[in-house]
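Here are the chains, one letter per residue:
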Amino acid sequence: MDPEKSPEPRFSTRLIVGAILGVTALIALAFFVGRASAPYERMPGTTSAEAGFARDMQTHQLQAVEMSMLVRDRSDNPDVELLAY
């Protein structure tokens, strides 16, 4: 053995890859067990804050579409028309 060369590493690549895969599998298992045991959440009712927010956002998005169609119809620039469409 050459005294200038360092000895081979003690852990082989297969062992390291196996350990990483094992830890990844345990993390995935813990995640799925946690998701399966989580309490079931009901759908929000029509009077809930979530449903009200969804309705408000629907109106907001419709206004954005209407504004972009106004820009498309009033612009003379083909790039702006395409973007607005």
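Predicted, not measured: the structure shown is a model, and the values here were computed from it. (Residues numbered from 1 in each chain as written. Predicted model: local features only at pLDDT ≥ 70, side-chain atom pairs only at ≥ 80, totals over all residues. Heavy atoms only, no water.)

Draft legend 1. Fine view of the environment of L82. Counting through the fold element by element, L82 comes out in helix 3 (residues 78-84). With a relative accessible area of 64%, L82 lands in the exposed category. Along the primary structure L82 and R72 are separated by 10 residues, whereas in three dimensions their C-alpha atoms are 7.4 Å apart. (Helix = DSSP H or I, 4+ residues; strand = E, 2+ residues; numbered from the N terminus. Buried < 20%, exposed > 50% of the residue type's maximum accessible area, 1.4 Å probe, protein only.)

Draft legend 2. Summary view of the pattern of salt bridges. Throughout the structure, instances matching the rule amount to one salt bridge. Across the pair R72 and D73 runs a salt bridge, and its minimum N-O distance is 2.9 Å. The exposure class of R72 is partly exposed, given its relative accessible area of 27%. (Salt bridge = Lys/Arg side-chain N within 4 Å of Asp/Glu carboxyl O.)

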